[in-house]
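Here are the chains, one letter per residue:
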Number of protein chains: 2
Amino acid sequence: MNKIQIGIVGYGNVSAGVVKALSLTSDMELKAVFTRRDPKSVKLQQGDAPILPISLAEKMTDDIDVMILCGGSAKDLPEQGPFFSEKFNIVDSYDTHAKIPGYLKAVDKAATKTTAIISSGWDPGLFSLMRLYFGAVLPDGDTYTFWGKGVSQGHSDAIRRIPGVAHAVQYTVPVETAIEAVRNGEKPRLEARQKHLRQCYVALLPEADKKEVEKTIKEMPDYFADYNTTVTFVELSELFSKHGKMPHGGMVLRSGNTGENTHNMEFSLRLDSNPEMTGSIMIAYARAAYRMSKEGLFGAKTVFDIPPAYLSETPRDMLIKDLL
Amino acid sequence: MNKIQIGIVGYGNVSAGVVKALSLTSDMELKAVFTRRDPKSVKLQQGDAPILPISLAEKMTDDIDVMILCGGSAKDLPEQGPFFSEKFNIVDSYDTHAKIPGYLKAVDKAATKTTAIISSGWDPGLFSLMRLYFGAVLPDGDTYTFWGKGVSQGHSDAIRRIPGVAHAVQYTVPVETAIEAVRNGEKPRLEARQKHLRQCYVALLPEADKKEVEKTIKEMPDYFADYNTTVTFVELSELFSKHGKMPHGGMVLRSGNTGENTHNMEFSLRLDSNPEMTGSIMIAYARAAYRMSKEGLFGAKTVFDIPPAYLSETPRDMLIKDLL
């Protein structure tokens, strides 16, 4: 059987996760990685797939079955999604929740002869799926999503931009008492502050003013002002040695009722590596994109549209026999 | 908008759960319940849908959009599944795991112009879905399923058939240390005895021999011999007052790796009422069966084949906006 040929656009943490996830499949292989940088400056962490300039991609429509877009949601994907889905089946992990409907529309317009699965990480992605399943089977109830404990790239970056900061890592931490209240069926009303804590580990430049930096962090609107935030100053070496990994996780919970009876549904992830999990999920959805394109199921899709069996390397009859 | 017209075949605990779940939807309504018993002997726990003899069902193909089969997997469904799916879209919760492939085939043969979704409870059903998703995204790993704490109808019935037993309730209880080992990523090899305990509450008839009954239970092959089983004798009144509900639940866990990194995925249910949860899930899949039949997606399907969005009363664009 011919293996599904995968291309990757952009090389960073998530792409490295995709490459690793690909090595755990037997039905897919990496054909090439495309980059806007000088290809010579990019080195894969594993495997020996060619690194090519992004401009070459267009000429490789016959060589690549699914293109996995690993660029950022802010600037890269709004351009790359519509551009690549015109010629390739694509998978991405577009994660600007509020802008997903507009992005979906733009990709759908381009994907007239391809299958394009957007927002296929774990949130959006698996967590979204759970929110849908939970609400569909227990319509009378409330769903809660908690994130962490894990590193938030966006919040870490926000701290790093503060003058005087050499480097920083921010952990999002769910509030245990809030989770317990949900599990107890209390259906609490929770503000941002009551759901998550924000723990910041910060290394300063020599001339920096500790108090000023701490104040700037804690008062930063959107990012920190609405949360209970702790700031711990550490040496740069400690930041790299103790906070250099990218763990994450979280949970989706629903407490729902059928009359007087209460039912709890809970899904949780504990991840050693956020980007490797995201890459693993994208690979499963790349398989689905390939299969759906073979059936002519074109257009922009989300995880909500994909029959689960399309995700697995195992044939449907074996899934039914072994897992149903 | 016309509501989806639901028929129910057979009236028992699960059907009562289906009726309750239907009352929580706004897009579906109960048209009729069909029974093999004397219709006058059946009384719905809620609502005022007509109770009709099962022989009338055939004449109501124009009145019913989806027929929900609530009969037992041992004797009822092997006949009713193929019979009803020839003329109606159906949903059932066929749960004899080992015989699912054969049953699927028989139903698929009949469902040439209908959509028939089989085995749509929580296990098989939601738990099966999780086993599939978990394995598809983390192929290098092990999945574990634990059940309980909850009442096992089959095990309770097995005890009730023992001479001298007036009534009995059996709880399946997961072994916490086994769950912890899985959560810790130890990937333990677990025998039946190491995963679940069996707690039996038994009321005896006056002439019964306690020791003999206890021995018969604990040595019963398949049901109890392979487990650590406790037997507690109680008064019949206590059995009804303290053990009269049907709670259940359980969890699916997977510990998987991407190279040296470990990821844990976990799905759990805690249910006040097993049949009401099963009924709620069947109702969501009835909605999917109706929608798929409108699109000509005929044949026997499982939860693995259903795009998640088909389950929800909420339109796809709102799901994408609110839940993705």
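The structure displayed is predicted, hence computed values, not measured ones.

Definitions and cut-offs
- Residues numbered from 1 in each chain as written.
- Chains lettered and ligands numbered in written order.
- Predicted model: local features only at pLDDT ≥ 70, side-chain atom pairs only at ≥ 80, totals over all residues.
- Heavy atoms only, no water.
- Helix = DSSP H or I, 4+ residues; strand = E, 2+ residues; numbered from the N terminus.
- Rg over C-alpha atoms; globule rule 2.2 N^0.38 Å.
- Areas by Shrake-Rupley, 256 points an atom, 1.4 Å probe, with all protein chains shown as cover.
- Lys, Arg positive; Asp, Glu negative; His and termini not counted.
- Charge placed at Lys NZ, Arg CZ, Asp CG, Glu CD.
- Contact = heavy atoms within 4.5 Å.
- Buried area = accessible area lost by both parts, 1.4 Å probe.
- Salt bridge = Lys/Arg side-chain N within 4 Å of Asp/Glu carboxyl O.
- 1 Å grid on protein atoms, 1.4 Å probe; cavity = no way out; pocket = protein on both sides within 12 Å on 5 of 7 lines; lining within 4 Å.
- Points joined across faces, edges and corners; volume = space filled by probe spheres on them.
- Nonpolar A, V, L, I, M, F, W, Y, C, P; charged D, E, K, R; others polar.
- Axes fitted to C-alpha atoms, helices over the stretch in contact; angles between N-to-C directions.
- Parallel < 35°, antiparallel > 145°, perpendicular 65-115°, else oblique.
- Left-handed = near helix turned anticlockwise from the far one by under 90°.
- Phe/Tyr/Trp six-rings, centres within 6.5 Å; stacked < 30°, edge-to-face > 60°.
- Lys NZ or Arg CZ within 6 Å of the ring centre and 35° of its normal.
- Buried < 20%, exposed > 50% of the residue type's maximum accessible area, 1.4 Å probe, protein only.
- Pairing = 2+ DSSP bridges.
- Least-squares fit on C-alpha atoms with pLDDT ≥ 70 in both.
- Right-handed = clockwise from strand over helix to strand, strands pointing away.
- Expected span 1.5 Å × (residues − 1).
- Polar contact = N/O pair within 3.5 Å; in protein donor to acceptor, adjacent residues only side chain to side chain.

Chemist: I would appreciate a short explanation of the overall build of chain A in the present structure.
Modeler: The secondary structure content of chain A amounts to eleven helices and 14 strands. For a compact globule of 324 residues, the expected C-alpha radius of gyration is about 20 Å, and chain A comes in at 21 Å, within 12% of that figure. C-alpha extents for chain A along the principal axes are approximately 60 × 60 × 35 Å. When the accessible surface of chain A is summed, it comes to about 14,200 Å², and 49% of that surface belongs to carbon and sulfur atoms. Computing the positive centroid from 38 side-chain charges and the negative centroid from 40, chain A places the two 2 Å apart.

Chemist: Explain the interface of chain A and chain B here, please?
Modeler: For an interface, size is often stated in terms of accessible area lost upon the parts coming together. At the interface, 66 residues of chain A touch 66 residues of chain B. With both chains or domains summed, chain A and chain B bury close to 5,500 Å², and 63% of this area falls on carbon and sulfur atoms. Three residues, A:Tyr133, A:Phe304 and A:Leu324, lead the burial of chain A against chain B; their summed loss comes to 14% of the area buried on that side. Applying the counting rule to chain A against chain B returns four salt bridges.

Chemist: Whenever I open this one, empty space enclosed by the protein confuses me. Can you help?
Modeler: Regions of empty space are outlined by a rolling probe, equal in size to a water molecule, passed over the atoms. Per the stated rule, a full pass over the model turns up one cavity of 30 Å³ or more. There is about 60 Å³ of room inside the largest cavity. Contributing to the lining of the largest cavity are A:Ala21, A:Leu24, A:Thr25, A:Ser280, A:Ile283, A:Ala284, A:Arg287, B:Ala136, B:Val137, B:Pro139 and B:Thr258. When residues of the lining of the largest cavity are traced back to their parent elements, those giving at least two are helix H10 (274-294) of chain A together with helix H4 (126-137) of chain B. Looking at the lining of the largest cavity, its residues break down into seven nonpolar, three polar and one charged.

Chemist: Would you explain the packing of helix H2 (residues 76-85) of chain A against helix H3 (residues 100-110) of chain A in this entry?
Modeler: Two measures define how a pair of helices packs: the angle their axes make with one another and the distance between the axes. Residues and elements named next belong to chain A. Remark: H2 packs on H3, axes separated minimally by 7 Å, with the N-to-C direction vectors making an angle of 25 degrees. On the basis of the axis angle, H2 is roughly parallel to H3. Handedness of the crossing formed by H2 with H3: right-handed. On the side of H2, the interface is formed by Leu-77, Pro-78, Gly-81, Pro-82 and Ser-85, while H3 contributes Tyr-103, Ala-106, Val-107 and Ala-110. Broken down by class, the residue content of the contact of H2 with H3 amounts to seven nonpolar, two polar and no charged.

Chemist: What is the right way to read the packing of aromatic side chains from this model?
Modeler: For any pair of aromatic rings, geometry is given as the distance between the ring centres together with the angle between the planes. Evaluation of the coordinates by the stated rule reveals 15 aromatic pairs over all chains. For the pair B:Tyr94 and B:Tyr103, a centre-to-centre distance of 4.0 Å together with 10 degrees between the ring planes defines the contact as stacked. When the ring of B:Tyr171 is compared with that of B:Tyr201, the centres are 5.7 Å apart and the planes differ by 85 degrees; the resulting orientation is edge-to-face. Taken together, the residues span a long stretch of sequence, with B:Tyr171 in strand E9 (residues 165-174) and B:Tyr201 in strand E10 (residues 196-204) at a distance of 30 residues. Taken together, the aromatic side chains of A:Trp122, A:Phe127, A:Phe267 and B:Phe134 make up a single cluster linked through ring pairs. Stacked on the ring of A:Tyr171, the Lys or Arg A:Lys149 has its end atom at 4.8 Å from the ring centre. A:Arg198 extends its terminal NZ or CZ atom over the ring of A:Tyr227, reaching a point 4.1 Å from the ring centre.

Chemist: Looking at this structure, I do not really get the pairing of strand E13 (residues 261-271) of chain A. What am I missing?
Modeler: When a strand is regular, its side chains alternate between the sheet's two faces. Across the eleven residues of E13(A), nine count as buried, placing the element largely inside the fold. In the sheet, strand E12 (residues 248-258) of chain A pairs with E13(A) via eleven bridges, with the strands oriented antiparallel. By the bridge assignment for E13(A), A:Val252 is matched with A:Phe267. Here E12(A) folds back onto E13(A), and the loop between the two strands holds two residues, one of which, A:Gly259, carries a positive phi near 60 degrees. Summarising the sheet, E13(A) and strand E13 (residues 261-271) of chain B pair through nine bridges and their orientation is antiparallel.

Chemist: Explanation requested: the sheet that holds strand E12 (residues 248-258) of chain B in the structure shown.
Modeler: Note: strands within a sheet are paired through backbone hydrogen bonds, in either parallel or antiparallel orientation. Read from one edge to the other, the open sheet built from six strands follows the order E7(A)-E12(A)-E13(A)-E13(B)-E12(B)-E7(B), with strand pairing classed as antiparallel. Either end of the sheet is taken by a strand with one partner, and the two such strands are strand E7 (141-147) of chain A together with strand E7 (141-147) of chain B. Averaged over neighbouring strand pairs, the angle between their axes works out to 5 degrees when direction is ignored. Packed on one face of the sheet, helix H6 (residues 176-183) of chain B meets E13 of chain A together with E7, E12 and E13 of chain B and runs near 30 degrees to E12(B).

Chemist: Honestly, the relation of the copies chain A and chain B in this entry has me stumped. Any pointers?
Modeler: Look at the two chain copies: a rotation about an axis and a shift along it is all it takes to match them. When chain A is fitted onto chain B, the two copies agree to an RMSD of 0.0 Å after a turn of 180 degrees and an axial shift of 0.0 Å. When the rotation and shift are considered jointly, the pair of chain copies conforms to a two-fold rotation axis. Counting the interface residues of chain A, we find that 100% of their copies in chain B are interface residues as well, pointing to one common contact surface.

Chemist: Whenever I open this one, the environment of A:Pro50 confuses me. Can you help?
Modeler: Residues and elements named next belong to chain A. Residue position: Pro-50 is located in the loop between strand E2 (28-35) and strand E3 (51-53). On the basis of relative accessibility, which here comes to 39%, the residue Pro-50 falls in the partly exposed class. Sequence spacing of Pro-50 and Gly-250 is 200 residues, and the spatial spacing of their C-alpha atoms is 36 Å. What Pro-50 contacts, discounting residues up to four positions off in sequence, is Lys-31, Ala-32 and Val-33.

Chemist: Teacher, can you tell me more about the pairing of strand E5 (residues 89-92) of chain A here?
Modeler: Residue and element names in this part refer to chain A. Going residue by residue along E5, you find Asn-89 and Val-91 tucked away on one face and Ile-90 and Asp-92 tucked away on the opposite face as well. Pairing geometry for strand E4 (residues 66-69) and E5, over four bridges, is parallel. Residue pairing across strands places Val-66 opposite Asn-89, the latter belonging to E5. Note: E5 against strand E6 (residues 115-117), two bridges, orientation parallel. Across the sheet, Ile-90 pairs through a bridge with Ala-116, a residue of E6. Remark: the E5/H3/E6 crossover connection has right-handed handedness.

Chemist: Any chance you could explain H4(B) here in plain terms?
Modeler: An α-helical turn contains 3.6 residues, so a residue and the one three or four places further along point in the same direction. All names here are of chain B. Between its first and last C-alpha, H4 extends 17 Å over twelve residues, near the 16 Å set by a 1.5 Å rise per residue. Of all twelve residues making up H4, eleven are buried, and the element is well covered by its neighbours. Turning to H4, its buried residues number three or more, namely Leu-126, Phe-127, Ser-128, Leu-129, Met-130, Arg-131, Leu-132, Tyr-133, Phe-134, Ala-136 and Val-137.

Chemist: When you look at the side chain of A:Ser73 in this model, what are you seeing that I'm missing?
Modeler: Residues and elements named next belong to chain A. Structurally, Ser-73 is set in the loop between E4 and H2. Polar contacts involving the side chain of Ser-73 include one to the side chain of Asp-95, which spans 2.8 Å. Excluding its chain neighbours within four sequence positions, the residues that come into contact with Ser-73 are Pro-78, Ser-93, Tyr-94, Asp-95 and Thr-96.

Coordinates in, geometry out; function isn't part of it.
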